[in-house]
Amino acid sequence: MKSDELFETACGLMPGGVNSPVRACRRVGATPRFIASARGSHITDVDGIEYVDYVCSWGPAILGHAHPAVVEAVREAARDGLTFGAPTPREVEMAALLRELVPSLETSRMVCSGTEAVMSAVRAARGFTGRDDVVKFADCYHGHSDGMLVKAGSGALTGAEPDSAGVPADYARHTLVAPYNDIEAVERIFAAHGSDIAAVVVEPVAANAGVILPKPGFLEALREITSRHGALLIFDEVITGFRLALGGAQEYYGVTPDLSTFGKIVGGGMPAAVYGGRADVMRTVAPEGPVYQAGTLAGNPLATAAGLATLRLLKADPDIYARLAAKGERLARGLREVFGARAEVPQVGSLLSVSFRDDPDVTFARWWRLLLSRGIYAAPSRFEAMFISDAHTDDDIDLVIEAAKEFR
Ligand SMILES: *Cc1c(COP(=O)(O)O)cnc(C)c1O
């Protein structure tokens with residue numbers, strides 16, 4: 001198998017043979033497929049094996065892979081030059097479109113990754129409030145910046161501990177960690193540290209620990225508590241943005257954050273991300289204000305072209321979110337019927353995950369390998385969501401349900 005040969009070579013050249021850890025497939029006791037190409041809902045590896053793809057590059061491919069209009073937009077942009085390090089018209093179009101689709105983005109800035117977007121939003125919140133602490137939730141992932149790579153400390157009200165080697169404990173203690181959906185824990189943290197807290201950062205749907213829906217009232221309560229204490233509310237919409245609705249989770253749940261971050265879909269498959277929100281907060285960002293943040297490739301012409309084309313296609317199709325949700329529901333309903341009490345299948349829109357009750361790690365690994373053998377490429381970790389695109393057909397969905405019927 002060419003994938004195996006490539007992986008062996010790669011292991012001597014890159015840590016774990018990959019450029020992002022989950023791709024190594026270690027959690028499911030497998031080695032990675034190396035991908036040659038992808039189109040629509042299908043992805044093909046270097047050995048010519050084709051799969052129905054439920055990773056969708058972890059979200060960006062909401063229109064399916066290699067959508068002709070997106071590819072053409074990139075091609076056209078490339079003809080005029082790849083990067084200038086100076087402003088371009090498309091960046092203005094992007095900021096205007098973002099504000100139209102997500103009204104809370106009064107002003108915004110483009111960066112190159114979701115990690116950078118969250119890191120920068122947190123810095124802006126700290127600069128604006130003059131406070132050092134941030135609250136995050138244990139089940140949420142916000143990229144790999146130092147302050148976000150933390151786990152709950154020994155006491156609920158103390159600062160966090162590093163969740164990665166290389167993160168200074170002195171840095172981690174400025175992050176306070178609460179359990180997701182636990183508003184009492186947030187109240188306790190604010191009661192103890194309220195005047196030091198710059199912001200609460202939250203995934204409005206947690207989608208990096210399996211899919212966890214916010215309990216009714218949770219996001220509203222975060223909105224109220226942060227406002228009451230003069231802290232900012234930051235929605236990390238890197239996954240939910242343009243996935244649950246054109247206006248993201250903030251539109252879907254009707255809760256407006258002060259700042260939000262977008263990634264994945266906003267780059268249309270190219271490296272682009274965005275943070276933004278209240279104009280008064282964003283005025284603290286350089287060169288207008290004292291919060292420094294910059295990027296050589298930020299607003300890159302190709303990435304902006306791909307993102308704009310993707311957002312315009314989403315905007316032009318008033319039924320797309322209903323279609324995506326119908327597919328999500330079809331898959332979740334089918335899996336629930338087959339698995340019964342064996343597994344939970346949380347789902348919202350085109351995001352879902354499968355969580356087995358007994359021996360979850362081992363059972364998931366077996367499930368993943370069964371899927372692969374049936375021509376289905378799913379995220380190789382039970383903590384990652386399945387992503388459905390507009391290109392997925394009912395047959396694509398039913399293939400997973402048929403596989404579930406075979407799963408012992
Ligand atoms: C993927 C993700 C990030 C990090 O984005 P990268 O582009 O991988 O740096 C941040 N927050 C959430 C919610 C994500 O899912």
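Procedures and definitions
- Residues numbered from 1 in each chain as written.
- Predicted model: local features only at pLDDT ≥ 70, side-chain atom pairs only at ≥ 80, totals over all residues.
- Heavy atoms only, no water.
- Core = buried A, V, L, I, M, F, W, Y, C linked by side-chain atoms within 4.5 Å.
- Buried < 20%, exposed > 50% of the residue type's maximum accessible area, 1.4 Å probe, protein only.
- Helix = DSSP H or I, 4+ residues; strand = E, 2+ residues; numbered from the N terminus.
- Contact = heavy atoms within 4.5 Å.
- 1 Å grid on protein atoms, 1.4 Å probe; cavity = no way out; pocket = protein on both sides within 12 Å on 5 of 7 lines; lining within 4 Å.
- Points joined across faces, edges and corners; volume = space filled by probe spheres on them.
- Nonpolar A, V, L, I, M, F, W, Y, C, P; charged D, E, K, R; others polar.
- Pairing = 2+ DSSP bridges.
- Expected span 1.5 Å × (residues − 1).
- Axes fitted to C-alpha atoms, helices over the stretch in contact; angles between N-to-C directions.
- Near = heavy atom within 4 Å.
- Polar contact = N/O pair within 3.5 Å; in protein donor to acceptor, adjacent residues only side chain to side chain.
- Areas by Shrake-Rupley, 256 points an atom, 1.4 Å probe, with all protein chains shown as cover.
- Salt bridge = Lys/Arg side-chain N within 4 Å of Asp/Glu carboxyl O.

**Section: the nonpolar core**
Counting 49 residues, the largest nonpolar core has Tyr54, Leu331, Leu335, Phe339, Leu351, Trp367 and Val400 as the members making the most contacts within it. By residue number, the principal contributor to this core is helix H12 (residues 360-373), which donates seven residues. Apart from residues lying up to four places away in sequence, Phe339 is in contact with Val354, Phe356, Trp367, Ala404 and Phe407. Grouped together as the second largest cluster of nonpolar side chains are 31 residues, Ala77, Met94, Leu302 and Ala303 included.

**Structural notes on empty space enclosed by the protein**
What the rule picks out here adds up to two cavities of 30 Å³ or more. Lining the largest cavity, in full, are Ser353, Val354, Phe364, Trp367, Leu371, Ala378, Ala379, Ser381, Glu384, Ala385 and Met386. For the lining of the largest cavity, the element with the most residues is H12, which contributes three residues. Within the lining of the largest cavity, the residues separate by chemical class into eight nonpolar, two polar and one charged. If you add up the space inside the second largest cavity, you get close to 50 Å³.

**Concerning the pairing of strand S3 (residues 50-53)**
Across three bridges, strand S2 (residues 42-45) lies against S3 in antiparallel orientation. Bridge assignment links Thr44 to a residue of S3, and that residue is Glu50. A loop of four residues connects S2 with S3, the two strands running antiparallel in sequence, and Gly48 in this loop sits at a positive phi of about 80°. The sheet contact formed by S3 and strand S17 (residues 376-377) spans two bridges and is parallel. By the bridge assignment, Asp53 is partnered in S17 with Tyr377.

**Section: the layout of surface pockets**
The volume enclosed by the second largest pocket comes to roughly 500 Å³. As for the second largest pocket, its lining consists of 24 residues, of which Glu91, Arg109, Met110, Ala298 and Gly299 are closest to the centre. When contributions to the lining of the second largest pocket are tallied by element, the ones reaching two or more residues are helix H3 (89-101) and strand S4 (107-111). The biggest single contributor to the lining of the second largest pocket is H3, with four residues. Residues belonging to the lining of the second largest pocket are distributed by class as follows: 13 nonpolar, nine polar and two charged.

**Concerning helix H2 (residues 68-79)**
Over its 12 residues, H2 extends 17 Å from the first C-alpha to the last, a length consistent with the 16 Å expected when each residue adds 1.5 Å. Those residues of H2 hidden inside the fold are in contact with H3 and helix H10 (301-315). Gly81 occupies a position one or two residues after H2 and carries a positive phi of about 120°.

**Points about the sheet that holds strand S8 (residues 175-178)**
Strands sit in the order S4-S12-S11-S10-S9-S5-S8 across an open sheet of seven strands; the sheet is mixed. Looking at the sheet topology across the chains shown, the edges are occupied by S4 and S8. Geometrically, the sheet is characterised by an average inter-axis angle of 20° between neighbouring strands, direction not taken into account. Alignment of strand S5 (residues 133-137) against strand S9 (residues 197-202), held across three bridges, turns out to be parallel.

**Examining the environment of Asp196**
Topologically, Asp196 is positioned in the loop between helix H6 (183-193) and S9. In this structure, the C-alpha to C-alpha distance between Asp196 and Ala138, residues 58 residues apart in sequence, is 20 Å. Apart from the residues within four sequence positions on either side, Asp196 is in contact with Arg131, Asp132 and Asp133.

**Description of the environment of Leu232**
Counting through the fold element by element, Leu232 comes out in strand S10 (residues 232-236). For the pair Leu232 and Pro87, spaced 145 residues apart in the sequence, the C-alpha separation amounts to 29 Å. Once residues lying within four places of it in the same chain are set aside, the contact partners of Leu232 are Ala125, Phe128, Thr129, Ala198, Ala199, Val200, Thr226, Asp258, Leu259, Arg278 and Val281.

**Points about the site of the ligand**
Around the ligand, a shell composed of Ser113, Gly114, Thr115, Tyr141, His142, Gly143, Glu203, Asn208, Asp236, Val238, Ile239 and Lys264 is seen. Taking Asn208, its side chain carries an N or O atom lying 3.1 Å from an oxygen atom of the ligand. With respect to the ligand, the side chain of Lys264 contributes an N or O atom lying 2.6 Å from an oxygen atom. If the ligand stood free it would expose 380 Å²; the protein chains cover 82% of that surface. For the shell around the ligand, the class distribution of residues is three nonpolar, six polar and three charged.

**What about the side chain of Ser353?**
Within the fold, Ser353 resides in the loop between strand S15 (351-352) and strand S16 (355-356). One polar contact links the side chain of Ser353 to the main-chain amide nitrogen of Val211, over a distance of 2.8 Å. With near-sequence residues (within four places) excluded, Ser353 lies in contact with Gly210, Val211, Glu344, Val345, Pro346, Glu384 and Ala385.

**Considerations on the pattern of salt bridges**
When their charged atoms lie close together, side chains carrying opposite charge are able to pair. One pass over the structure, following the stated rule, counts 19 salt bridges. Across the salt bridge formed by Lys327 and Asp390, the nearest N and O atoms sit 3.9 Å from each other. Of this pair, Lys327 sits in helix H11 (residues 320-339) while Asp390 sits in the loop between strand S18 (386-387) and helix H13 (394-406); the two residues are 63 residues apart in sequence, bridging distant segments of the chain. Residue Asp390 is classed as partly exposed on the basis of its relative accessible area, which comes to 21%. Between Glu406 and Arg374 there is a salt bridge; the shortest N-O distance is 2.5 Å. Here the residue Glu406 occupies a position in helix H13, and Arg374 occupies one in the loop between H12 and S17, the gap between them amounting to 32 residues. Linked through salt bridges whose partners overlap, the residues forming this network are Arg223, Asp258, Arg278 and Asp280.

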